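# Working through the structure, step by step
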Amino acid sequence: MEKLVIHGGTRLVGQVQISGAKNAAVAIIPAALLIDGECIIDNLPNISDVKLYCEILKSLGAKVEFLTPNCVKIDSSNITSTIAPSEITRKFRASYYVLGALLSRFKSAQVSFPGGCDLGTRPIDQHIKGFETLGAQVEINGGNIKVFADKLTGDSIYMDIVSVGATMNIMLAAVLAEGVTTIENAAKEPHIVDLANFLNTMGANIKGAGTDTIKITGVEKLTGGKMYSVVPDQIEAGTFLMAAVATKGDITIKNCITAHLASITAKLEEMGVEITDNIDEMRIRYVGDTSAVNIKTLPYPGFPTDMQPQTAVALCLCKGRSIINESIWSSRFQYAFELNKMGANISIQDKMAIIEGVDELKGAPVYATDLRAGAALIIAGCSAKGTTEIFNIEHIDRGYENIEEKFKALGANIERVEYEEK
Ligand code: EPU
């Protein structure tokens with residue numbers, strides 16, 4: 001087993017390169033199943049979720065070759081199975097995107113119910129509604145989801161809630177359907193736009209991604225033969241912004257799209273840090289005491305739920321009381337108990353975290369309860385006095401590339417250490 005050990009109390013200073021976006025990559029890799037041919041996907045984050053997804057594609061008959069750790073060539077000309085292996089799909093949430101992609105191209109697909117971070121109930125009713133509207137039948141049996149159709153026909157689908165996963169899955173399913181599909185009340189995250197851009201580059205006809213209404217005109221086939229570069233990770237960028245605030249540091253994040261960070265930087269400015277925005281890079285500088293702010297998580301362009309735990313750490317060290325309202329997930333405050341072990345003062349009332357600022361955090365042994373919680377604990381460990389040990393770091397490796405190397409380059413004293421579980 002591995003853990004991270006951090007000797008904290010260091011100001012983080014310097015530059016950090018942002019990797020490709022995890023949540024775009026895990027939709028674009030299965031989208032390659034739609035292509036009757038080859039494609040190259042570049043700027044992939046080197047993380048365990050990406051590696052697992054490539055294993056799923058291989059098991060379905062795709063040829064997958066890593067040209068570099070961040071660039072993969074996928075050839076889906078000879079797909080031999082439409083049943084994804086449950087031992088892999090159970091490990092992470094995004095495995096359900098093979099449903100939309102395989103349904104679209106082969107009119108049949110099966111996956112096990114997906115795993116992923118425990119953030120509360122994670123229903124898939126909107127995915128099912130979308131597939132059924134296009135003419136598919138959906139069977140749920142023994143923990144498996146099977147979708148099949150004789151023919152898929154475009155139609156209008158109104159999403160009852162804004163869902164990233166359902167928007168992506170329906171987009172994938174509709175690409176090769178006959179006629180026009182419109183998704184109303186669609187999610188607008190940068191990874192939705194990135195998936196549409198990838199599919200269009202390979203021959204699809206998708207318009208309106210990034211707005212509430214996406215129009216997909218079915219095409220006969222996707223021919224590929226192109227290279228595509230994944231968008232920078234807005235959440236990784238935000239994580240380093242919060243690390244700068246919590247450690248009273250000065251960090252420049254490179255290779256980001258600063259426009260994607262608008263809701264985060266608006267709150268940072270309200271806290272009182274200095275931000276310099278240069279379109280594809282951003283400098284953040286702590287310039288004296290930071291103030292408490294209130295935050296409500298919302299679908300894009302609102303404040304991202306995936307930045308909520310990391311932001312909580314920065315707010316723990318602000319003057320005064322901050323309130324975070326989590327409106328997406330029912331159980332995303334499990335990290336608060338871990339931060340309280342480090343001297344934070346957070347109380348949870350239903351979907352609200354009330355954070356009373358403290359002067360400092362103190363190192364402690366803590367557990368990463370999910371991916372973003374793990375990132376929050378790294379930030380807390382860097383800012384805290386003394387030594388922090390973080391366990392369950394496999395959650396962090398699912399979504400952050402070379403995380404300890406990136407923190408080390410900013411001056412953090414952080415090591416990955418092997419240990420035997422007793
Ligand atoms: N929901 C439904 N029915 C559905 C689908 C979703 O009720 O059919 C609800 C969910 O329970 C939730 C809300 O709708 O309350 C939003 O869920 P969404 O479908 O947007 O989430 P997701 O696609 O499962 C993705 C990210 C999450 C991120 C959310 C929200 C991926 C692989 N995961 O999940 O990322 O929190 O969107 O932005 O893209 C992370 O990266 O740490 C992470 C958890």
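See above for the structure.
Presented here is a report on the structure given in the accompanying data block. Treat the numbers as computed from the prediction; the structure is a model and nothing was measured.

### Here we look at the sheet that holds strand β6 (residues 108-112)
In any sheet, the strands associate via hydrogen bonds between backbone groups, in a parallel or an antiparallel arrangement. Strand order across the open sheet formed by three strands is β6-β8-β7, with antiparallel pairing between neighbours. In this open sheet, the two strands that pair with only one neighbour each are β6 and β7 (137-141). Strand after strand, the sheet turns through a mean of 15° between neighbouring axes, direction not considered. By the bridge criterion, five bridges tie β6 to strand β8 (residues 144-148) in an arrangement that is antiparallel.

### Points about the site of the ligand
As a matter of local geometry, the ligand sits amid 25 residues, with Q126, S163, V164, D306 and I328 nearest to it. Between the ligand and Y96, the relevant distance is 3.3 Å, taken from an oxygen atom to a side-chain nitrogen or oxygen of the residue. With respect to the ligand, the side chain of R372 contributes an N or O atom lying 2.8 Å from an oxygen atom. For the ligand, the protein covers 89% of the area, taking 830 Å² as the surface of the free molecule. When atom positions are compared with the pocket grids, the ligand is found to occupy the largest pocket. Looking at the shell around the ligand, the elements that each hand over two or more residues are α1 (22-31), α5 (125-133), α6 (164-174) and α12 (371-383). Ranked by residue count, the leading element in the shell around the ligand is α5, at three residues.

### Quick notes on the pairing of β8
Of the two faces of β8, the one holding I145 and V147 is buried and the one holding N144, K146 and F148 is not buried anywhere. Once β7 ends, the chain turns through two residues before running back antiparallel as β8, passing G142 with a positive phi of about 55°.

### Examining the side chain of S76
Mapped onto the fold, S76 is located in the loop between β5 (71-75) and α3 (86-89). Taking relative accessible area as the criterion, S76 reaches 0% and is therefore assigned buried. Sequence-distant contacts of S76, that is, excluding residues within four places in its chain, are made with A32, L33, I35, G37, A62 and R105.

### Looking at the pairing of strand β12 (residues 214-217)
The side-chain alternation of β12 yields one buried face, formed by I214 and I216, and one unburied face, formed by K215 and T217. Pairing geometry for strand β10 (residues 180-184) and β12, over four bridges, is antiparallel. When the sheet's bridge partners are listed, T181 is paired in β12 with I216. Sheet topology places strand β11 (residues 206-207) next to β12; two bridges connect them, and they run antiparallel. The residue bridging I206 from the neighbouring strand is I216, located in β12. Between β11 and β12, which pair antiparallel and follow one another directly, the connecting turn spans six residues, one of which, G208, has a positive phi of 90°.

### Thoughts on empty space enclosed by the protein
Applying the stated criterion across every chain yields a total of two cavities of 30 Å³ or more. There is about 70 Å³ of room inside the largest cavity. Lining the largest cavity are A21, K22, N23, P190, H191, V231, P232, D233, Q234, I235 and R372. Secondary-structure elements contributing two or more residues to the lining of the largest cavity are α1, α7 (190-201) and α8 (234-246).

### Quick notes on α7
Every α-helical turn comprises 3.6 residues, leaving residues that sit three or four positions apart pointing alike. With 12 residues, α7 extends 16 Å between its outermost C-alpha atoms, agreeing within 8% with the 16 Å of an ideal straight helix rising 1.5 Å per residue. Within α7, burial applies to P190, H191, I192, D194, L195, A196, F198 and L199. G203 occupies a position one or two residues after α7 and carries a positive phi of about 120°.

### Some thoughts on the pattern of salt bridges
Going through the model one piece at a time under the given rule, you end up with 24 salt bridges. The salt bridge involving E274 is made with R285; its shortest N-O contact spans 3.1 Å. Here E274 is found in strand β15 (residues 274-277), whereas its partner R285 is found in strand β16 (residues 281-285), with 11 residues between them in sequence. A residue is classified by how much of its surface remains accessible, and E274, at 34% relative accessible area, is partly exposed.

Basis of the calculations
- Residues numbered from 1 in each chain as written.
- Predicted model: local features only at pLDDT ≥ 70, side-chain atom pairs only at ≥ 80, totals over all residues.
- Heavy atoms only, no water.
- Pairing = 2+ DSSP bridges.
- Helix = DSSP H or I, 4+ residues; strand = E, 2+ residues; numbered from the N terminus.
- Axes fitted to C-alpha atoms, helices over the stretch in contact; angles between N-to-C directions.
- Near = heavy atom within 4 Å.
- Polar contact = N/O pair within 3.5 Å; in protein donor to acceptor, adjacent residues only side chain to side chain.
- Areas by Shrake-Rupley, 256 points an atom, 1.4 Å probe, with all protein chains shown as cover.
- 1 Å grid on protein atoms, 1.4 Å probe; cavity = no way out; pocket = protein on both sides within 12 Å on 5 of 7 lines; lining within 4 Å.
- Sits in = over half its atoms within 2 Å of the grid points.
- Buried < 20%, exposed > 50% of the residue type's maximum accessible area, 1.4 Å probe, protein only.
- Contact = heavy atoms within 4.5 Å.
- Points joined across faces, edges and corners; volume = space filled by probe spheres on them.
- Expected span 1.5 Å × (residues − 1).
- Salt bridge = Lys/Arg side-chain N within 4 Å of Asp/Glu carboxyl O.

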